[in-house]
Amino acid sequence: MAALKDARRLVVKIGSALLVESAGGGLRHDWLESLAEDVAQLRARGTEVVLVSSGSIALGRGVLGLSGASLPLEQSQAAAAVGQIRLARAYEEVLAPHGLVAAQVLVTLEDSADRRRYLNSRATLGTLLALGVVPIVNENDTVATDEIRYGDNDRLAAQVAVTVGADQLVLLSDVDGFYTANPAVDASARRIDVIDAITPEIEAMAGDAGSGLSKGGMKTKLMAARTATAAGCALAITRGMRQNPLLALEKGAPATWFTPQTDPASARKRWIAAMKPRGEIRVDAGAAAALSRGKSLLPAGVAAVSGAFGRGDPVAISDAAGAKLGQGLSRYTAEEARAIAGRHSSDIEAALGYPGRAAIVHRDDMAL
């Protein structure tokens, strides 16, 4: 079974009901401060942490005095615009005393559905983590419509975990795990501590009920678990409505752990390898040798570019004789790749007229 102490890159999902008081819509500062303590301890031992946080609409509607079980789309987006500022400031204030910098990252479903946006999101989040920053991710409710929404932060958290290659995802919930039935109405319901496979029997046990401020029920958590575990990420459901919830989980608080089916790196490599390439990049002997040592493909090692591909599209990578070495996701269009082929990374801006990324294909986006 996974253990939080072993996490190298951790995503934590925080629901509105944990952050915002149901009466009045005020922020639960004491709880948030205790979460920041947990994050600081994790960061101190080298675990990278991404927080996927609800709460902007709940905070904003309290400030604006908007009542009712559900709001019209325009009022929800107005509440999100007001609440996002307060939510970001709250995280900044609780993390700063621990010497941690917070960053706000707003996304929509389109950002993961479109490969170009997906790669941009992955690169940005990876850079933030490398710089020691704690990204605070939320759905961009001010612009998202039903067609481009995740709809709940359980699935958003799972997609973020896939995007950043996390090895663990924790859903802080109003229940302490996955039960055989709804424990609120069935006294015989029992928690399952470890789930190795999401079978039809497991799916049949899930209910629909969510709390008053959150949209996600147990079915959405199962969907998140399916996404995360397929990408090599262990997922835990545990009760968040306690002080220092991550420390409590680490010390053995009740939870359900879903077992990953592989590891994040292998899952990503298989996904890339299964794509149909849109073009080909041939590399010289020096670049081929560098790729075999786990390096990224830089423009200087590119001998020729063929095909018509866009940023984020899969391309075959071949040696000078045409033998396929593997494939990867290009960070440039075919036209851009041709313009910078054979050049040093420092010359990219001069060749294109604008700054670019150092690698044409990053090693994390490559399957050899």
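Conventions we followed
- Each chain carries its own residue numbering, running from 1 in the direction its sequence is written.
- pLDDT decides what is reported in this predicted model: residues at 70 or higher carry local features, side-chain atom pairs at 80 or more are listed and counted, and totals for whole chains, interfaces and linings draw on all residues regardless.
- Excluded from the side-chain calculation are hydrogens and water; included are all heavy atoms of the structure.
- Only DSSP runs of H or I reaching four residues or more are called helices, and only runs of E reaching two or more are called strands; each is numbered from the N terminus.
- Based on C-alpha atoms, the radius of gyration is set beside the globule rule, defined as 2.2 Å times the residue count to the power 0.38.
- Only protein chains enter the calculation, and the probe is 1.4 Å; a residue is then buried if its accessible area is under 20% of its type maximum, exposed if over 50%, and partly exposed in between.
- Contact between two residues is taken to exist if any of their heavy atoms lie within 4.5 Å; hydrogens are not considered.
- Residue burial considers only the protein chains on display, and all accessible areas are found by Shrake-Rupley using a 1.4 Å probe.
- The sign given to each residue is positive for Lys and Arg and negative for Asp and Glu; His and the chain ends receive no count.
- All charge positions are set by atom: Lys at NZ, Arg at CZ, Asp at CG, Glu at CD.
- The method works on a 1 Å grid over the protein atoms by themselves. A cavity is a set of points holding a 1.4 Å probe that cannot get out, a pocket is an open set with protein on both sides within 12 Å along at least five of seven lines, and residues with an atom within 4 Å of a point line them.
- Grid points are joined across faces, edges and corners, and a volume is the space filled by probe spheres set on the points.
- Here the term charged refers only to Asp, Glu, Lys and Arg, the term nonpolar to Ala, Val, Leu, Ile, Met, Phe, Trp, Tyr, Cys and Pro, and the term polar to all other amino acids, Gly among them.
- Note on method: axes are straight lines fitted to C-alpha atoms, helices fitted across the in-contact stretch only, with angles between N-to-C directions ranging 0 to 180 degrees.
- In this scheme, roughly parallel covers angles under 35 degrees and roughly antiparallel covers those over 145, while 65 to 115 is roughly perpendicular and the rest are oblique.
- Left-handed describes a crossing in which the near helix is turned anticlockwise from the far one by less than a right angle; the clockwise case is right-handed.
- By salt bridge we mean one thing: a side-chain nitrogen of Lys or Arg within 4 Å of a carboxyl oxygen of Asp or Glu.
- In this text, buried Ala, Val, Leu, Ile, Met, Phe, Trp, Tyr and Cys residues form a nonpolar core when linked through side-chain atoms within 4.5 Å.
- Two strands qualify as a pair provided DSSP detects at least 2 bridges between them.

Once that is clear, we can look at the overall build of the protein chain. Tallying secondary structure elements over the protein chain gives 14 helices and 15 strands in all. Its C-alpha atoms give the protein chain a radius of gyration of 22 Å, near enough to 21 Å, the size a compact globule of 368 residues would have. For the C-alpha atoms alone, the extent of the protein chain along its principal axes is close to 70 × 45 × 40 Å. Classification of the 368 residues of the protein chain by burial places 50% in the buried group. Across the protein chain, contacts joining residues at least 24 apart in sequence account for 72% of those joining residues at least 6 apart. Here the protein chain displays about 16,300 Å² of accessible surface, and carbon together with sulfur accounts for 51% of that area. The distance from the centre of the 40 positive side-chain charges to the centre of the 40 negative ones in the protein chain is 4 Å.

What follows deals with the layout of surface pockets. Approximately 950 Å³ is the volume attributed to the largest pocket. Contributing to the lining of the largest pocket are 43 residues, with Y118, R122, R268, D364 and D365 lying nearest its centre. Among the elements that take part in the lining of the largest pocket, helix α6 (residues 115-130) stands out by supplying 10 residues, more than any other. Class assignment of the residues belonging to the lining of the largest pocket gives a composition of 16 nonpolar, 11 polar and 16 charged.

Turning our attention to the packing of helix α2 (residues 29-44) against helix α4 (residues 73-95). In helix packing, the relevant descriptors are the interaxial angle and the interaxial distance, both defined with respect to the helix axes. Where α2 contacts α4, the two axes come as close as 9 Å, and the packing angle between them is 55°. Considering the angle they form, α2 stands oblique to α4. Read as a crossing pair, α2 and α4 show a hand that is right-handed. On the side of α2, the interface is formed by L32, E33, A36 and V39, while α4 contributes A90, Y91, V94 and L95.

One pass over the full model with this rule turns up 3 cavities of 30 Å³ or more. Put simply, the second largest cavity is a space of about 60 Å³. Looking at side-chain class alone, the lining of the second largest cavity contains 4 nonpolar, 1 polar and 3 charged residues.

Tallying each qualifying case throughout the model produces 15 salt bridges. Close ionic contact of R191 with D193 constitutes a salt bridge, the shortest N to O distance being 3.0 Å. Assessed through its relative accessible area of 26%, R191 is described here as partly exposed. Residues participating in the shared-partner salt-bridge network are R122, R268, R331 and D365.

Once that is clear, we can look at helix α3 (residues 56-64). An α-helical segment advances 3.6 residues per turn. Residues three or four places apart therefore align on the same side. Those residues of α3 not exposed but buried are S56, A58, L59, G60 and R61. With its phi angle positive at about 70°, G65 sits one or two positions after the end of α3.

Turning next to the nonpolar core. If you look at the biggest cluster of nonpolar residues, it comprises 36 residues, and the most contacted ones within it are I14, L19, L32, L35, L51 and L172. In terms of residues, this core owes the most to one element, α2, which gives 7 residues. Counting 35 residues, the second largest nonpolar core, distinct from the first, contains V137, A166, I195 and A224.

Among the 6 residues in strand β9 (residues 234-239), 5 count as buried, and that is most of the element. Here strand β5 (residues 168-173) pairs with β9 via 6 bridges, running parallel. When the bridges of β9 are listed, Q168 appears paired with A234. Bridge analysis of β9 against strand β10 (residues 255-258) gives 4 bridges, and the strand direction is antiparallel. Directly across from A236, in β10, lies its bridge partner W257.

So, about the sheet that holds strand β15 (residues 366-367). If you walk across this open sheet you meet the 5 strands as β12-β11-β13-β14-β15, and the pairing is mixed. Edge positions in the open sheet fall to β12 (302-307) and β15, since each of these has one partner strand only. Bridging between strand β14 (residues 324-329) and β15 involves 2 bridges; their strand directions are antiparallel. Note that in β15 the partner of Q327 across the bridge is A367.

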